[in-house]
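Fold and contact review
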Amino acid sequence: TLRACVQRLLVRRAASPILGARAIHVTAEELRQAIALRQFVPYFQPRLRGADGSLTAVEALIRWQHPQRGLIPPGAFIPLADSAGLIDGITGLVLEMSLAWARRWHEAGVAPSISVNLTETALKNAHLPNELLALADEYGIPPARILLEVTESDAITEAPAALETLARLRLMEFGLSIDDFGTGVATPDQLAAVPFTEAKIDQSLVTGVSDQPQYVGVLAQTLRQARDLGLKTVAEGVESKADWELLNELGCDEMQGFYVARPMPGEEIEGWALGWHRQPL
Ligand code: C2E
Ligand code: MG
Ligand code: MG
Ligand code: MG
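Residues numbered from 1 in each chain as written. Chains lettered and ligands numbered in written order. Predicted model: local features only at pLDDT ≥ 70, side-chain atom pairs only at ≥ 80, totals over all residues. Heavy atoms only, no water.

A word on the coordination of the magnesium ion (ligand 2)
- Glu-59 (OE), Asn-117 (OD1), Glu-149 (OE) and Asp-179 (OD) make up the full set of protein donors to the magnesium ion (ligand 2), lying at 2.0 to 2.3 Å.
- Look at where the donors of the magnesium ion (ligand 2) fall in the sequence and you get E-x57-N-x31-E-x29-D.
- The metal-metal distance between the magnesium ion (ligand 2) and the magnesium ion (ligand 3) is 3.7 Å, with Asp-179 serving as a donor to both. Residue Asn-117 is located in strand S4 (residues 113-117), and its partner Asp-179 is located in strand S6 (residues 175-181); the two are separated by 62 residues in the primary sequence.
- Assessed through its relative accessible area of 30%, Asn-117 is described here as partly exposed. (Donors = N, O, S within 2.8 Å, 3.2 Å for Na, K, Ca; no water. Helix = DSSP H or I, 4+ residues; strand = E, 2+ residues; numbered from the N terminus. Buried < 20%, exposed > 50% of the residue type's maximum accessible area, 1.4 Å probe, protein only.)

Structure (structure tokens):
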């Protein structure tokens, strides 16, 4: 089928940073200690509206600040956190640190929405919606300015607890993103079962697409699928001006990637946001 063929192409193309990350070995016990010691730091990556280049949101991407080994990427410990029952601890830290940063930027007059990644396991925590609402209230960030990203493969969960969490979060007016959209695992019916607000097109469909005419059709079709589901479209992995321009022509609403900015520590966001307009896109 076309779908299977696209799938094979994507698997071949995806130079996954996660695969590299998995080669870093960490144990559940080390991770448990790191959570207790709060050895994590969120980096933030801006995303921009295609039409006018304005800053719309920043995505929190967690790193483990290991005292000996330096910064460890999330691909090396999020799957372990999920399987070892440690994800709630990490999610709690990421949410708290991210909203605290968002509060500081908002006070400085820089007010992007903030997006945070959640796994299916994190969604099974029935306390998550109320805890998140309490945090939003504590830091004075309206829920509509907080976006929660769930990968396409985690989004098609059949776990009633996870589905209920998603529905409750949406009722509280949090935004819900399908992350890594277009990687082929979900049917439109499965996706329509959850009230998502936007789709983040997977970087394997995006990076370098302007150099490879044979992939433009797949990208265009994926954007169309997202729009048919009533979703805002966001591209991740935009690494060049040519990719940016092509996505703009295809009507993608927002863009994120190294061409715009790399993920950066919270201290740098304010200066970046105030200064970046001087650089032409
Ligand atoms: P994701 O949510 O799809 O995040 C995008 C990943 O692509 C990030 O890697 C980001 O640094 C990288 N990236 C951004 N722009 C570009 C680009 O232009 N080119 C390329 N090649 N890469 C780009 P990172 O930070 O290593 O995160 C990897 C994944 O780990 C994330 O994928 C997300 O699924 C997961 N993750 C990150 N932080 C958290 C977290 O706090 N909680 C959970 N549950 N998962 C997280
Ligand atoms: Mg994400
Ligand atoms: Mg993504
Ligand atoms: Mg991705």
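A closer look at the packing of aromatic side chains
- Counted according to the given criterion, the structure contains seven aromatic pairs.
- Ring centres of Phe-40 and Phe-77 lie 5.5 Å apart, and the angle between their planes is 55°; this geometry places the pair in the tilted category. One end of the pair, Phe-40, is in strand S1 (residues 40-49); the other, Phe-77, is in the loop between strand S3 (70-72) and helix H4 (78-83), and 37 residues separate them in sequence. Here the two residues Phe-40 and Phe-77 agree in accessibility, since each one is buried.
- Relative to Trp-276, the ring of Trp-272 lies with its centre 5.6 Å away and its plane at 10°, an arrangement referred to as stacked.
- For Trp-272, a relative accessible area of 15% puts it in the buried group.
- Classification of Trp-276 as buried rests on a relative accessible area of 6%.
- A cation sits over an aromatic face here: Arg-262 above Phe-258, 3.8 Å from the ring centre. (Phe/Tyr/Trp six-rings, centres within 6.5 Å; stacked < 30°, edge-to-face > 60°. Lys NZ or Arg CZ within 6 Å of the ring centre and 35° of its normal.)

Brief notes about the side chain of Ser-113
- Turning to its location among the elements, Ser-113 is positioned in strand S4.
- On the basis of relative accessible area, Ser-113 is assigned to the buried category, the value being 11%.
- A polar atom in the side chain of Ser-113 sits 3.4 Å from the side chain of Arg-145.
- If sequence neighbours within four positions are ignored, Ser-113 has contacts with Thr-56, Ala-57, Val-58, Arg-145 and Leu-147. (Polar contact = N/O pair within 3.5 Å; in protein donor to acceptor, adjacent residues only side chain to side chain. Contact = heavy atoms within 4.5 Å.)

Description of helix H14 (residues 266-275)
- Where H14 is concerned, the buried positions are Gly-266, Ile-269, Trp-272, Ala-273 and Gly-275.
- The inward-facing, buried residues of H14 contact S1, strand S2 (55-66), helix H5 (87-107) and strand S10 (264-265).

Fair warning: the whole summary comes from geometry, so function is off the table for now.
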